[in-house]
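Chains, contacts and geometry: an overview
Here is what each chain is made of, one letter per residue.
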Amino acid sequence: MALRTLVAASVALLAACAADEDRVVEQRLLAMGTQVDITLAAADPDAARDALAEIETMLSGYERDYYAWGDGELARLNAGLQEGRPVEVSAELAELLEAARRLSEQSGGVFDPGVGALVELWGFHADTGAERQPPDPAAIDAWLAVRPGIADLTIGGSLVGTDADGLLIDLGGIAKGDAVDRMIRILRRNGIDDAIVNAGGDLRAIGSRDGRAWRIGIQSPRAAAILGAVELGDGEAAFTSGDYERYFDHEGERLHHILDPTTGYPATHTRAISVIAADGVTADAAATALFVAGPGRWPDVARAMGVRHVLRVDASGRIEATRQMRDRLELGDSPGADIIVVGSEG
Ligand code: ADP
Ligand code: MG
């Protein structure tokens, strides 16, 4: 197989090993517009059942509450922000907004959940069918002239407000990471130490499977191929942002859902970024951030966000990785020499 087809991207779970089947539980749920697969090993079947029920309840409200254009908590916050009226939010939402604001600052603003109004201009907030057009450039210029960002949010305990005009918070670049972290917390609270949660290719693992590390595959953004496998340590999350998840084609150009807040347009230099980090929120935000940061800039942004494991496939299919990622990738019989090592050693 040519290396071209072995380029990296979304992370898929490789077949797990078969020993000790009676302790292993697999559950598939549909949530956040994706398939969520939970694989866990528990000595106590009651603990497994309780944890899965709790996860199902959590996820059933999550999409409503964390979707900017729905009728849940985030939508209510956005309505308040539009009217210049502070809104009382739950401790969970306040905490996620704090984390999002910190990660945005670390990223130098390439990750910015304050892009909600821009996402809406592009139509990526809804399934708007096949006849898609890019927005009027004048509308993008008008947004850029104000450029509201999450830095404009004031978070005083549970009271959230803003002085900025046109600020609309879209947590789409970080919410899946938060949901995955919550699932892991629920599992641990129920005494489950060995599990992997896979939300449409974005995943997080705890413990091991029969003493062997959980192994995942990193998939190509264009071909049904796997670049390599990685073993995840206890608690590690692997997230990918790609140009193939939500996009439309316009005059031969692929216009996708990851937007550069400084230009108002989709970032064009990258196909996919895969990141391994210590938690889902950081991994999810960093994958989006490094996608936007692009060539030259991504290693610095990764360092600032505390992320050491990165794999990037650029628009021409060229593969770059940090030394730490390159060293952890098991390439099977595919030649790894074509992965260009860039960035962090520290
Ligand atoms: P996905 O969740 O589809 O795998 P990402 O985690 O990269 O992909 O999130 C992309 C989503 O984040 C977009 O659909 C949009 O809602 C939001 N978004 C787009 N551009 C940015 C940005 N520069 N910073 C923060 N969020 C963004
Ligand atoms: Mg993301």
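It should be emphasised that the depicted structure is a prediction, and the values quoted were computed from it without experimental measurement.

1. Things to note about the pattern of salt bridges
Within the structure shown, the criterion is met by 18 salt bridges. Between Asp50 and Arg49 there is a salt bridge, and its shortest N-O distance comes to 3.7 Å. Through salt bridges with shared partners, one network takes in Asp46, Arg49 and Asp50.

2. A word on the pairing of strand β8 (residues 202–206)
Counting buried residues in β8 gives five out of five residues, a clear majority hidden from the surface. Of the two faces of β8, both are covered, the one formed by Asp202, Arg204 and Ile206 as well as the one formed by Leu203 and Ala205. As judged from the five bridges shared by strand β7 (residues 194–199) and β8, these two strands associate in the antiparallel manner. What sits directly across from Asn198, in β8, is Leu203. Following β7, the chain reverses through two residues before pairing antiparallel with β8; Gly200 in that reversal takes a positive phi of roughly 60 degrees. With two bridges joining them, β8 and strand β11 (residues 237–242) adopt antiparallel strand pairing. Counted as the bridge partner of Leu203 is Ala238 from β11.

3. Points about the layout of surface pockets
In this structure, the largest pocket spans a volume of roughly 1100 Å³. Considering the residues around the largest pocket, the lining is formed by 38 residues, among which Asp170, Gly172, Gly173, Arg246 and His257 are closest to the centre. In terms of residue count, the dominant contributor to the lining of the largest pocket is helix α7 (residues 280–293) (three residues). Broken down by class, the residue content of the lining of the largest pocket amounts to 19 nonpolar, 10 polar and nine charged.

4. Describing the site of ligand 1
The full set close to ligand 1 counts 20 residues, and Asp112, Asp170, Ser241, Leu259 and Thr288 are the nearest of them. Between Asp284 and ligand 1, the recorded distance is 3.0 Å, taken from a side-chain N or O atom to an oxygen atom. One of the side-chain nitrogen or oxygen atoms of Thr288 is found 2.8 Å away from an oxygen atom of ligand 1. Here ligand 1 loses 97% of its free accessible area of 570 Å² to cover by the protein chains. Applying the majority rule of atoms within 2 Å of the grid points places ligand 1 in the largest pocket. Broken down by secondary-structure element, the contributors of at least two residues to the shell around ligand 1 are β11 and α7.

Procedures and definitions
Per chain, the residues get numbers from 1 upward, laid out in the order the sequence is written. Note on labels: chains are lettered from A, ligands numbered from 1, in written order. Where totals are concerned, whole chains, interfaces and linings use all residues; where local detail is concerned, this predicted model gives features only for residues with pLDDT of at least 70, and gives and counts side-chain atom pairs only at 80 or more. Side-chain numbers come from the whole structure's heavy atoms, not from hydrogens or water. A pairing counts as a salt bridge when a side-chain nitrogen of Lys or Arg comes within 4 Å of a carboxyl oxygen of Asp or Glu. Only protein chains enter the accessibility calculation, which uses a 1.4 Å probe; a residue whose area is less than 20% of its type maximum is buried, one above 50% is exposed, and one in between is partly exposed. Only DSSP runs of H or I reaching four residues or more are called helices, and only runs of E reaching two or more are called strands; each is numbered from the N terminus. One requirement defines pairing of two strands: DSSP has to find at least two bridges between them. Only protein atoms enter the 1 Å grid used here. Points where a 1.4 Å probe fits but cannot escape make up a cavity, open sets with protein on both sides within 12 Å along at least five of seven lines make up a pocket, and a residue lines them when an atom lies within 4 Å of a point. Grid points are joined across faces, edges and corners, and a volume is the space filled by probe spheres set on the points. Classification used: nonpolar for Ala, Val, Leu, Ile, Met, Phe, Trp, Tyr, Cys and Pro, charged for Asp, Glu, Lys and Arg, polar for all others including Gly. For this purpose, a residue is taken to be near a molecule or strand whenever a single non-hydrogen atom of the residue falls within 4 Å of it. Each polar contact in these results corresponds to two N or O atoms within 3.5 Å; when the atoms are within protein, one needs to be able to donate a hydrogen and the other to accept it, and residues that are neighboring in sequence are counted only if both atoms are side-chain atoms. Reported accessibility uses the Shrake-Rupley method at a 1.4 Å probe radius. Residues are deemed covered only where the shown protein chains occlude them. In this scheme, a molecule is assigned to a cavity or pocket if more than half of its atoms are within 2 Å of the grid points.

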